[in-house]
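Tertiary structure, described
The lines below spell out each chain.
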Amino acid sequence: MASSSSNLISLKTSDGTVFKVERALAKTMKTVQAIIEEADANIYMIPIHNVFSHHMDMIIDYYKLSVAGKSKEFSVEKLDNDELKDFLLAVHYLNMEDLFEVLTQAVADRLEKKSVGYVRKYFGIENDFTPEEYAAIRKKNDWAFKGDDIEPEEDEEKQEE
Amino acid sequence: MEKSMGATNAKVINHIPEDLAFSILSKLPLKSLKRFGCVRRSWALLFENLHFLNMYRNYFISNNHSYYDGTSILLNQTNNPLSGEAFHSTLYLLSGERFENMVKLDWPPPFHEDDSFIEILSKTSVNGTLCLAQKNGMDLKCLFWNPTTDEFKIIPSSPFLYQSPYMEPTVDFNGFGYDHVRDDYKVLRWLCFFNITGVEVPWEDYLYVDPMWEIYSLRSNSWTKLDIEMPASASNEKLHVDGVCHWWSIHDDINCYDSPPRLVSFDLCNEVFLTTHLSSDMIDPLNILHLTLLNGFIAFIIYDQTTTFHIRILGELGVKESWTKVFILEPLPSIEHPIGAGRKGEIFFRKDDDELVWFDLSTQMIEELGVKGREHCCHIVIYKDSLLPIGGF
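Within any chain, residue numbers begin from 1 and follow the written order of that chain's sequence. As they are written, the chains are lettered A onward and the ligands numbered 1 onward, keeping that order. Residues qualify for local features only when their pLDDT is at least 70, as the model is predicted, and side-chain atom pairs are given and counted only at 80 or more; totals for whole chains, interfaces and linings, by contrast, use all residues. The side-chain numbers reported here are obtained from all heavy atoms of the structure, hydrogens and water having been left aside.

1. A closer look at the overall build of chain B
The test is simple: By definition, any uninterrupted DSSP run of H or I lasting at least four residues is a helix, any uninterrupted run of E lasting at least two residues is a strand, and each is numbered from the N terminus. For a compact globule the rule gives 2.2 Å times the number of residues to the power 0.38, and the radius of gyration it is set against comes from C-alpha atoms. For the exposure calls, accessible area comes from a 1.4 Å probe over protein chains only, and a residue counts as buried if that area is under 20% of its type's maximum, exposed if over 50%, partly exposed in between. We call two residues contacting when some pair of their heavy atoms lies within 4.5 Å. The protein chains shown are the only cover counted for residues, whose accessible areas, like all others here, come from Shrake-Rupley with a 1.4 Å probe. Under the counting rule used here, the positive set is Lys and Arg, the negative set is Asp and Glu, and His together with the chain ends is not counted. For charged residues, the charge sits on one atom: NZ in Lys, CZ in Arg, CG in Asp, CD in Glu.
Within chain B, the regular secondary structure consists of 4 helices and 24 strands. For chain B, whose C-alpha radius of gyration is 23 Å, the value lies close to the compact-globule estimate of 21 Å for 393 residues. Overall, the C-alpha framework of chain B stretches about 90 × 45 × 45 Å when taken along its three principal axes. The buried share of chain B, taken over its 393 residues, is 53%. The contacts in chain B between residues at least 6 apart in sequence include a share of 53% that link residues at least 24 apart. Accessible surface computed for chain B: about 18,200 Å², of which carbon and sulfur atoms make up 52%. Charged side chains in chain B number 32 positive and 52 negative. The centres of these two groups are separated by 9 Å.

Shown next, in the form of structure tokens:
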């Protein structure tokens, strides 16, 4: 099948793999679009930092499903929480609107019942409360820590019911 | 669930930029957000951060709660077109992006002669069936009706209404809903008894009848007395969501004295109730409260004397600290009170000139519906149609 090379954009991932993708898919990546538009001459290969080949595989899967009207079938179930975070960061870097909404929702669903300690680690955040401030806000929102399905805090002793 | 990818990628704890963090947080339920307020200082003040609040509001409005799948909006409007003349309740089916299509639906035959002040209980439908009620002096009508099939079923009278020839009942239709455990439709009612004025009660016939709750079950086709001490309703706002009837009250459990306002939630399956007090900053004698379901969440629209409407969404039933202020509606000129909410952040109001209007939370625009309604007599109902026979059994 003869396909004009100008319909394909070459993207090089962080791990050195080159993906030739349709222009329409590249258009969903606002970061890539900006690079293409800024270049004076036709760009030969666009490096995409922070994006690995396994991310591109999933992005292409999502694209194929959405073109077929089946974007609801796209699933990230097989990814663990950290892999999901890496994927979200890649999609965030590429600035892809629809997939971004899907992934932020997926992360939110994973974090819903997690502990404060887990969330701090996950987001790479330091606790900037003084011990007194933390105690106060912990007490104020005590109801939000209750529930059998809520992950208990590591540093808090399990209460005897 | 934790799998490691292959040896090729070293696991790096990437720091997530705040903007991205907010995108994730804005999709979390209120309970999680309040817990994560303990993560860091800036997250303790999420709902005071305009940037976050906008994201949260946008997601809240655009997120289609499954409660609304396949539903339409009904407007039950009561008015007397000619001042001094009789009141009529009219039922409209609203459709179109801006509710530009209003189709009048005819009430079922029992209401053909008298269509004044017809109530649609709990502003809800169960398998396409509505529960209608009308109180006309001593005449009480209560029936199930499916507007799509036109089938209706009259609910029999309760044996508890006239326990004494000298006492008259005041009936408050409290709720209608579905008991999924028994696959049954239930109607909840509060009865209060008063001496019939002007009638002397002979001492030997004196019988004080306590106020009581009663519940009707379609399966047994009968009313049963409920042995429960539960606060009665203080307003017309009664809701049903997932087998639980909600209303709000200013009475305590035995209906004495004026108490601080509280949400009362009655589970139709196990017939127990839970109260949720309002947080102290929601209570003010000058505030006007309106209980509603907003995009699937229990909420109070609070109108204070500065003519600003605040919307408080309930984070968790039973938890008074979980009422979260999410929306603020800037002073809306001549708006008097809400009459209900739609499916995507539309709030319906009545203006002081009786015009009914709707307010779009995302665009902040107000539009007239083209009908007028009497104060506190108009309601929005979320209706899901069905061709099933009433009760489906």
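More follows now that the structure is in view.
2. A few points about the interface of chain A and chain B
Heads up, the rule is: Once two parts are joined, some of their accessible surface, as seen by a 1.4 Å probe, is lost; buried area is that loss totalled over both. One side-chain nitrogen of Lys or Arg within 4 Å of one carboxyl oxygen of Asp or Glu is enough to make a salt bridge. Whenever two N or O atoms come within 3.5 Å, that pair is a polar contact, provided that in protein one can donate a hydrogen and the other can accept it, and provided that, for residues adjacent in sequence, both atoms are side-chain atoms.
Listed by partner, the interface residues are 50 residues for chain A and 37 residues for chain B. Of the roughly 3,700 Å² buried at the junction of chain A and chain B (both faces included), carbon and sulfur atoms supply 65%. On inspection of chain A and its partner chain B, the count reaches 2 salt bridges. Summed over the shared surface of chain A and chain B, the number is 14 residue pairs in polar contact (both at pLDDT 80 or more).

3. Describing the sheet that holds strand S5 (residues 130-136) of chain B
All names here are of chain B. To keep it simple, the criterion reads: Two strands qualify as a pair provided that DSSP identifies no fewer than 2 bridges between them.
The strand order S4-S5-S6-S7 describes an open sheet built from 4 strands, whose pairing is antiparallel. Looking at which strands have only one partner, the edges of the open sheet turn out to be strand S4 (119-120) and strand S7 (152-154). Sheet analysis places S5 next to strand S6 (residues 139-145), joined by 7 bridges and oriented antiparallel. Across the sheet, residue Cys 131 finds its bridge partner in S6, namely Phe 144.

4. A short note on the layout of surface pockets
Stated precisely, the cut-off is as follows: With a 1 Å grid spanning the protein atoms alone, the term cavity applies to any set of points in which a 1.4 Å probe fits but cannot get out, the term pocket to an open set with protein on both sides within 12 Å along at least five of seven lines, and the term lining residue to any residue with an atom within 4 Å of a point. Grid points are joined across faces, edges and corners, and a volume is the space filled by probe spheres set on the points.
The computed volume of the largest pocket comes to approximately 770 Å³. Taken together, 29 residues make up the lining of the largest pocket; nearest its centre are B:Pro29, B:His65, B:Gly296, B:Phe297 and B:Leu314. Those elements that provide at least two residues to the lining of the largest pocket are helix H5 (97-111) of chain A together with helix H2 (30-36), helix H4 (50-62), strand S13 (244-251), strand S17 (297-303) and strand S18 (309-314) of chain B. No other element matches H4(B), which puts 3 residues into the lining of the largest pocket.

5. As for the packing of helix H4 (residues 81-94) of chain A against helix H6 (residues 116-123) of chain A
All names here are of chain A. Cut-off, in case you're wondering: Convention adopted: a line fitted to C-alpha atoms gives each axis, helices being fitted over their contacting stretch, and angles between N-to-C directions are expressed from 0 to 180 degrees. Note on terminology: angles under 35 degrees are roughly parallel, angles over 145 are roughly antiparallel, angles of 65 to 115 are roughly perpendicular, and the others are oblique. A clockwise turn of the near helix away from the far one marks a right-handed crossing, whereas an anticlockwise turn of less than a right angle marks a left-handed crossing. Note that Gly is not counted as nonpolar here; it falls among the polar residues with everything else outside the nonpolar set of Ala, Val, Leu, Ile, Met, Phe, Trp, Tyr, Cys and Pro and the charged set of Asp, Glu, Lys and Arg.
Close contact between H4 and H6 brings their axes to 11 Å; oriented N to C, the two are set at 40°. With respect to each other, H4 and H6 are oriented oblique. H4 and H6 meet at a crossing whose hand is right-handed. Across from Asn 81, Asp 82, Leu 84 and Lys 85 in H4, the residues of H6 making contact are Tyr 118, Lys 121 and Tyr 122. Its residues assigned to classes, the contact of H4 with H6 comprises 3 nonpolar, 1 polar and 3 charged.

By themselves, these figures tell us nothing about what the structure is for.
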